[in-house]
Amino acid sequence: AKFNRILITGAAGALGTVLRENAQHLADTLRLTDIADMGEAKANEEIVQADLGDFNTVLEMTKNVDAVIHLGGMALENTFETILNANIRGFYNLYEACRQNGVKRIVFGSSNHAIGFYEREAMIDSFVPHRPDSLYGVSKAFGEDLARYYWDKFGIETLSIRIGSCFPEPLDRRMLATWLSYRDFIQLCDRGLNTTRVGFTVVYGVSANRENFWNNQQAAFIGYQPQDSAEIYREKVEANSSQPNPNDTAVVYCGGSFPAAGHFEDK
Ligand code: 15L
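Residues numbered from 1 in each chain as written. Predicted model: local features only at pLDDT ≥ 70, side-chain atom pairs only at ≥ 80, totals over all residues. Heavy atoms only, no water.

(A) Looking closely at helix α6 (residues 182-194). Between its first and last C-alpha, α6 extends 18 Å over 13 residues, near the 18 Å set by a 1.5 Å rise per residue. Those residues of α6 that fall on the buried side of the exposure criterion are D184, F185, I186, Q187, L188, C189, G192 and L193. (Helix = DSSP H or I, 4+ residues; strand = E, 2+ residues; numbered from the N terminus. Expected span 1.5 Å × (residues − 1). Buried < 20%, exposed > 50% of the residue type's maximum accessible area, 1.4 Å probe, protein only.)

What follows is the structure in structure tokens.
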């Protein structure tokens, strides 16, 4: 079923832009929001430039919306203050506004950094406890927990996609395992909106990569069938980098460089 109106948060970001260009089939009207400029609205678009940290604006923008694809917030490690407003307060504002406005389905762009401190060979599934590798990862873990709470208590469904590395093509050796093609990302968003029932479900946003190190069995019931694989880029990626030591922390942990990366202190 095609939706009347869906809201896409983070619409000026990398993945928001991909959706804006390729998700026209998902709804008659796309309402787009971001803190950054989104340019001119196309015929079937509505544009709301706003900060997700401000509850009243979020309450306004979730009116007359059938579903939300939430990609807004900080997409990398930052100071706690920044993460707190954009990802934690912003996330709460979105769910609470959806509850008040009767919006019942959300697709959440979560991240592998919510579980980044697991080792590759653990082959973790969707049900392991969170093990964030950054304050950013902690905020995604919080998002998943809040989404679960809003499902258990208020019946708001969420498909939480723990996105691996969503880029036009894999940029380094780790991404030969974690890459998610744009096409597969769009399919996941589509399944998140259109699967009969998702309840609260966590899946990994990863293509059919040979070295995929997540057990994505949970993605079967939503009918996710990845169309792409990072493998066709292997030669190119390997030619641009040397053979890594298997004991490098960036190789050991699912989160790649995040587990060993520096900590941002608030000034
Ligand atoms: C993320 O969560 C980031 O938003 C993205 O830029 C990549 O760093 C990605 O994770 C990744 O793990 O490759």
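(B) Quick peek at the packing of helix α1 (residues 14-22) against α6. One can describe the packing of α1 onto α6 by two numbers: an axis separation of 11 Å at closest approach and a directional angle of 75°. It follows from the interaxial angle that α1 and α6 lie roughly perpendicular. On the side of α1, the interface is formed by L15, V18, L19 and N22, while α6 contributes Y182, F185, I186 and C189. Looking at the contact of α1 with α6, its residues break down into seven nonpolar, one polar and no charged. (Axes fitted to C-alpha atoms, helices over the stretch in contact; angles between N-to-C directions. Parallel < 35°, antiparallel > 145°, perpendicular 65-115°, else oblique. Contact = heavy atoms within 4.5 Å. Nonpolar A, V, L, I, M, F, W, Y, C, P; charged D, E, K, R; others polar.)

(C) Looking closely at the site of the ligand. Looking at the ligand, the residues that line it are A75, L76, S111, N112, H113, Y136, G164, S165, F167, R174 and F258. Interatomic distance of 2.5 Å between a backbone N/O atom of A75 and an oxygen atom of the ligand. In the environment of the ligand, an oxygen atom lies 2.7 Å from a nitrogen or oxygen atom belonging to the side chain of Y136. Here the ligand, which alone exposes 320 Å², has 81% of that area covered by the protein. Among the residues making up the shell around the ligand, the classes are represented as five nonpolar, five polar and one charged. (Near = heavy atom within 4 Å. Polar contact = N/O pair within 3.5 Å; in protein donor to acceptor, adjacent residues only side chain to side chain. Areas by Shrake-Rupley, 256 points an atom, 1.4 Å probe, with all protein chains shown as cover.)

(D) Main features of the nonpolar core. Of all hydrophobic cores here, the largest spans 32 residues; its most connected members are I6, I8, L19, I69, F185 and L193. Contributing elements (two or more residues each) for this core: β1 (3-9), α1, β2 (27-34), β4 (67-70), β6 (157-163) and α6. Counting residues per element, this core draws most heavily on α6, which supplies five residues. With sequence-adjacent residues up to four places away left out, L19 is seen in contact with I8, Q24, I69, L71, F185, I186 and C189. Within the second largest apolar cluster, 22 residues are counted, among which are L59, V65, V68 and F200. (Core = buried A, V, L, I, M, F, W, Y, C linked by side-chain atoms within 4.5 Å.)

(E) Expanded view of the side chain of R174. Counting through the fold element by element, R174 comes out in the loop between β7 (165-166) and α5 (175-178). No salt bridge is formed by the buried R174; the nearest opposite charge belongs to D172, separated by 5.6 Å. The contacts of R174, once residues within four sequence positions are left out, are N112, H113, R120, S165, A250, C254, G255 and G256. (Lys, Arg positive; Asp, Glu negative; His and termini not counted. Salt bridge = Lys/Arg side-chain N within 4 Å of Asp/Glu carboxyl O.)

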